[in-house]
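Chains, contacts and geometry: an overview
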Amino acid sequence: MSEQRTSSGGRIGGEGRDAAACLKLANDSHRSGNGPAAIGWLKRVTQFGDDFVSWQSAASLLARVRETHTPPAKRTVKVALLGSYTTAQMASLLPLAALAFDMDLEVYEGPYGAYRQEIINSIGPLYEADPDFVVIAVHEGEVAFPQIGGKPEDLDAELSRWTSLWDILKQRVSARIIQHNIAIRPDSPIGHVAASLEGSRYRMLQDLNSRLGLEAGERVAILDCERLASLIGKRRWFDDRYWYFSKQGVSLEALPLLVRHTAALIAAELGLTRKCVVVDLDNTLWGGVIGEDDLSGIRLGDGPHGEAFVAFQEYLLELKRRGILLAVCSKNNEMDARLPFERHPDMRIKLDDVAVFLANWAPKPENLTTIAERLNIGLDALVFVDDDPVEREIVRLSLPEVAVIRLPDDPAYYVRAVSESLLFEARLFTQEDAQRTEQYRARAQIAELESSASTLEEFYTSLEMRAEIAPIDGFHLPRVVQLIGKTNQFNLTTRRHSRATVEAFLADQEYVHLYLKLRDRFADHGLVGVLIARRIGDLLDIDTWLLSCRAIGRTAEAAMLGGLVVEAQMRGCTRLRGTYIPTTKNAVVSDLFSRFGFRLVEEQARKTVWECDVAALDPSGSQFIERVVGRDDAEVA
Amino acid sequence: MTLKSHDRLEELFRRVFNDYALVLRDRMTAADVEGWDSIAHINLMFSIEQEFGIDFERDEFARFTDIGDLKRLLEAKLAQ
């Protein structure tokens, strides 16, 4: 059943097992009460391919396991699924698909076909469910265009039917909206003429999809069903028998693909996209073994194999341009491994593109751990790409947080394998994303400098740091929301405020809010810090205080606190209050308030509350960071 | 129905209903299998189509009354 899909590129999955075996193991684990193991095997089921039968079975077992065990997850997500067709299977598969993206996903499924009523009724289960995402899953039958003779105003009317639903949702919930666009049926009664005839249903539907994309804006993400239907083939996407049997608007066969993309889109919206792709070299970036075949013997450039490797390198460079870090982990002598990068004319990736380059004979899990440490990111931000199934399985078993892509045998399908993993879906594309490699390379250089400076003070001074601290404005809002959504380590409260909530803070006079941008002599790190506090009488209560992991250990927190002290003085506040809410990731700031001289005023199991007199704090911030305004370096403090 | 087809069908039922102790008997009906509701029925029929490479027609979809019936239907379709 699933064999037919092996040619369509490898996917992350187990080696030497199949989906049925993983299902059986999941059942055994569940029966013996080992929920975490059951969940691990269920996650693997999804990684063999998009076979509905296995997925459905895994999903119904997951529902049972979740009654007693919560899947390990970076985020818990509540999704409201509103459809124009039967969505029961989609609702059941979504939590399963979410496992691969480190989410624990819960679904509220609206009544059959009643998406419009659910949205319009101001009271009802949709709004009681208070979802993080609302998915509007609709099929072509919902659109009332004639086969020929449609008019521009028909298009406008249809468009506003959708945007008005979005507007209602935007007013009533802070959830983000995921709108399916229209998968267009391939059986137009007028054939090819439909493509050129103005007012044909076929063209009107294409225009509608295009207009939906234009109108989507910040709060709405379009799930491109038209593209997915083309990807799997429209004969497979549409199955009229099942439409007549039970109103399946999308064939069951296509559902795993659709829910996998839905989960990937939600993960991207939440900033859970993986940050770094770690590649092997021999038979991954080029054909053959450099240590044996020499520079002229490896396959790269000419011939069908050589061209496939070049194409794969170019794809990886595109990821890098988008802000995904590139690292190398290869069992090789370092000299040999570097040779193609330095000397091969058809090598596309250069050493400068690689944030961390490890070529040695240590076990790969060890090297992956080193890569994560050097880049100061979690193992759960890594994706491992290696042609060797044994290495893949070792990594999978010893570092379950690392996502492992199962490369197919033929390098021609490498690009597809990485692309279809969906681990690098993007949502908000910010300037910071594009600069990231530069910044992380700079970090690695700083790690060297750190060991050469004799004291920490000398080290900080040598960095020549400059910070811009200013109130958050609309221009910086996307990056601020992104950081609030994904910062785990230096994050005192880990409150995942939505964009709408942050906008409300900005509009509220009682809120003080600051961002921090940091530069040093190595790199411009961009916007890395956010601090939001609420004024309560003569007290400023810190709601959110976070620093991107690349700015930890630079005294930037002192600069931010200094900024807050200035704000407090201007507003006549005499006390600061801070809250620390421990998570599994933020131990690095557990003593932050006490380091700044705050005293503990309240201690509970899940949080500690601290206070300090403003007069006792230093408004000048960090002695190692010069405060500047904007880009003109004018000194203000 | 051949023994082999019976075994394949049984294995499929075990997967679909996550019950690896399930034994397929001819007199069994939907009421005897935990979780066999109307949605599970659609999923099951799709799974059988995939497993055996057949297409049920509309009136065949809900026609069988018990597993014995289903097996006879399947046998007829496989013989076509």
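Sequence positions are assigned chain by chain, starting from 1 and proceeding in written order. Whichever chain is written first is A, and whichever ligand is written first is 1; the rest continue in order. Local features are withheld for residues below a pLDDT of 70 in this predicted model, meaning they are given only at 70 or higher, and side-chain atom pairs are given and counted only at 80 or more; totals for whole chains, interfaces and linings count all residues.

1. Digging into the overall build of chain B
Rules: Under the DSSP-based scheme used, a helix requires at least four consecutive residues in state H or I and a strand at least two consecutive residues in state E, with every element numbered from the N terminus. This radius of gyration counts C-alpha atoms alone. The globule rule is 2.2 Å times how many residues there are, raised to the power 0.38. Put plainly, a residue is buried at 20 or more neighbouring C-beta atoms within 10 Å of its own, exposed at 12 or fewer, and partly exposed in between, counting only other residues' C-beta atoms, which are placed from the backbone. By the convention adopted here, residues are in contact when the distance between their C-beta atoms, placed from the backbone, does not exceed 7 Å.
Check the secondary structure of chain B and you find three helices and zero strands. Against the compact-globule benchmark of 12 Å for 80 residues, chain B has a radius of gyration of 12 Å, which places it among compact chains. The dimensions of chain B, computed from C-alpha atoms along their principal axes, are 30 × 25 × 20 Å. Counting every position in chain B, which comprises 80 residues, the buried fraction comes to 20%. Across chain B, the fraction of contacts at a sequence separation of at least 24, relative to all contacts at a separation of at least 6, is 52%.

2. Thoughts on the overall build of chain A
A tally of regular secondary structure across chain A gives 25 helices and 20 strands. Judged by the C-alpha coordinates and their principal axes, chain A covers about 75 × 70 × 55 Å. Here chain A, with 637 residues, has 45% of them falling under the buried criterion. In chain A, 72% of the contacts between residues at least 6 apart in sequence involve partners at least 24 apart.

3. Observations concerning the sheet that holds strand 4 (residues 176–180) of chain A
All names here are of chain A. Note the following rule: DSSP bridges decide pairing: two strands pair if at least two such bridges lie between them. Fitted lines through C-alpha atoms give the axes, limited to the stretch in contact for helices. The angle between two N-to-C directions lies from 0 to 180 degrees.
As summarised here, the arrangement of the five strands in space is 2-1-3-4-5, forming an open sheet in which the pairing is parallel. At either margin of the open sheet sits one strand with a lone partner, and together these are strand 2 (103–109) and strand 5 (220–223). Here the strands of the sheet are splayed against their neighbours by 25° on average, with no regard to which way each runs. For strand 1 (residues 75–83) and strand 3 (residues 133–137), the ladder comprises five bridges, and the chain directions are parallel. Each residue of the ladder has a partner; that of leucine 82, found in strand 3, is isoleucine 136. Relative to the sheet, helix 13 (residues 255–269) contacts strand 1, strand 2, strand 3, strand 4 and strand 5, its axis offset from that of strand 5 by approximately 155°.

4. Description of the interface of chain A and chain B
Stated formally: Classification convention: Asp, Glu, Lys, Arg as charged; Ala, Val, Leu, Ile, Met, Phe, Trp, Tyr, Cys, Pro as nonpolar; all other residues, Gly among them, as polar.
Taken together, the contacts link 17 residues of chain A with 14 residues of chain B. With six residues, the top contributor of residues to the side of chain A that touches chain B is helix 3 (residues 52–66) of chain A. Taken together, the residues that form the side of chain A that touches chain B break down as 10 nonpolar, six polar and one charged.

5. Observations regarding the domain arrangement of chain A
What counts here: An automatic or database domain assignment supplies the start and end points of every domain.
Its domain assignment divides chain A into domain 1 (13–72), domain 2 (73–269), domain 3 (276–421) and domain 4 (465–635). Using C-alpha coordinates to define each centre, domain 1 of chain A is positioned 42 Å away from domain 4 of chain A.

6. A look at helix 22 (residues 477–486) of chain A
With seven of 10 residues buried, helix 22 of chain A lies mostly within the body of the structure. Here helix 22 of chain A has its buried residues at Arg479, Val480, Val481, Gln482, Leu483, Ile484 and Lys486 of chain A.

7. Here's the deal with the nonpolar core
Heads up, the condition is: Residues of type Ala, Val, Leu, Ile, Met, Phe, Trp, Tyr and Cys that are buried and joined through C-beta atoms within 7 Å form what is called a nonpolar core.
Of all hydrophobic cores here, the largest spans 190 residues; its most connected members are Leu42, Leu94, Val134, Val278 and Leu564 of chain A. Sort the elements by how many residues they give to this core and helix 13 of chain A lands first, with nine residues.

8. Some thoughts on the pairing of strand 4 of chain A
Residue and element names in this part refer to chain A. The following threshold applies: Crossovers are described as right-handed under a simple rule: with the strands pointing away from the observer, the path leading from the first strand over the helix to the second runs clockwise.
For strand 4, a buried count of five out of five residues is recorded, marking the element as mostly surrounded by other parts of the structure. Burial along strand 4 is two-sided: the residues Arg176, Ile178 and His180 and Ile177 and Gln179 are all buried. Relative to strand 4, strand 3 runs parallel, the two being bridged by four bridges. Its bridge partner lying in strand 4, phenylalanine 133 is registered against arginine 176. Note on the crossover from strand 3 through helix 7 (residues 152–172) to strand 4: the handedness is right-handed.

9. Quick notes on the environment of glutamate 51 of chain B
Structurally, glutamate 51 of chain B can be placed in helix 2 (residues 38–52). Along the primary structure glutamate 51 of chain B and leucine 9 of chain B are separated by 42 residues, whereas in three dimensions their C-alpha atoms are 8.4 Å apart.

10. Let's talk about the packing of helix 15 (residues 303–321) of chain A against helix 19 (residues 414–421) of chain A
All names here are of chain A. To keep things clear, this is the line we draw: The scheme is simple: roughly parallel for angles under 35 degrees, roughly antiparallel for over 145, roughly perpendicular for 65 to 115, oblique for anything else.
Contact geometry for helix 15 and helix 19: axes closest at 8 Å, N-to-C directions at 30°. As the angle between them shows, helix 15 and helix 19 are arranged roughly parallel. Mapping the contact onto sequence places Ala308, Ala311, Phe312 and Tyr315 in helix 15 and Tyr414, Val415 and Val418 in helix 19. Across the contact of helix 15 with helix 19, the residue classes tally to seven nonpolar, no polar and no charged.

11. Looking at the confidence of the model for chain A
Residue and element names in this part refer to chain A. Put simply, the rule reads: A score from 0 to 100, pLDDT tells how confident the predictor is in each residue.
Averaged over all residues, the pLDDT of chain A equals 89, while 92% of them reach at least 70. Counting contacts from residues 1–14, a segment whose pLDDT is below 50, to residues more than four positions away or on other chains yields 40 contacts. Between residues 631–637, whose pLDDT stays under 50, and residues either more than four places distant or in other chains, the model counts nine contacts.

12. A short note on the sheet that holds strand 8 (residues 356–360) of chain A
Residues and elements named next belong to chain A. What the five strands build is an open sheet, ordered 8-7-6-9-10; its pairing is parallel. Both edges of this open sheet fall to strand 8 and strand 10 (403–406), since each of them pairs with a single strand only. Adjacent strand axes in the sheet meet at a mean angle of 20°, parallel and antiparallel pairs treated alike. As paired elements, strand 7 (residues 325–331) and strand 8 share five bridges and run parallel to each other. For cysteine 329, the partnering residue across the bridge sits in strand 8 and is leucine 358.

13. Let's talk about the environment of isoleucine 42 of chain B
Relative to the helices and strands, isoleucine 42 of chain B is located in helix 2. When residues no more than four places from it in sequence are discounted, the contact partners of isoleucine 42 of chain B are Phe245 and Ser246 of chain A.

14. Details of the pairing of strand 18 (residues 608–613) of chain A
It is a general feature of regular strands that their side chains alternate between the two faces of the sheet. All names here are of chain A. Relative to strand 18, strand 16 (residues 575–580) is paired through six bridges, and the arrangement is antiparallel. Each residue of the ladder has a partner; that of glycine 578, found in strand 18, is tryptophan 610. As paired strands, strand 17 (residues 599–603) and strand 18 are joined by four bridges and run antiparallel to one another. Residue pairing across strands places glutamate 602 opposite valine 609, the latter belonging to strand 18.

15. Quick notes on unusual backbone geometry
All names here are of chain A. With a phi angle near 60°, aspartate 102 is a residue other than glycine that sits in the positive phi range. Counting through the fold element by element, aspartate 102 comes out in the loop between helix 4 (88–99) and strand 2. Phi at leucine 422 takes a positive value of approximately 60°, unusual for a residue other than glycine. Within the fold, leucine 422 resides in the loop between helix 19 and helix 20 (431–452).

16. Description of the environment of serine 174 of chain A
In this fold, serine 174 of chain A is placed in the loop between helix 7 and strand 4. The residues contacting serine 174 of chain A, other than those within four sequence positions of it, are Ser498, Ala500 and Thr501 of chain A.

17. Section: the packing of helix 2 (residues 35–45) of chain A against helix 3 of chain A
Residue and element names in this part refer to chain A. Counted only if it meets this: Should the near helix be turned anticlockwise from the far one by less than a right angle, the crossing is left-handed, and should it be turned clockwise, the crossing is right-handed.
Where helix 2 contacts helix 3, the two axes come as close as 10 Å, and the packing angle between them is 160°. In terms of orientation, helix 2 lies roughly antiparallel with respect to helix 3. Crossing handedness for the pair helix 2 and helix 3: left-handed. Contact residues: Gly35, Ala38, Ile39, Leu42 and Val45 in helix 2; Ser54, Ala58, Leu61, Leu62 and Val65 in helix 3. For the contact of helix 2 with helix 3, a count of residues per class yields eight nonpolar, two polar and no charged.

18. Some remarks on the confidence of the model for chain B
Chain-level pLDDT for chain B is 90 on average; 100% of the residues reach the 70-or-more range. Under the prediction, the complex receives an ipTM of 0.92, its pTM being 0.70.

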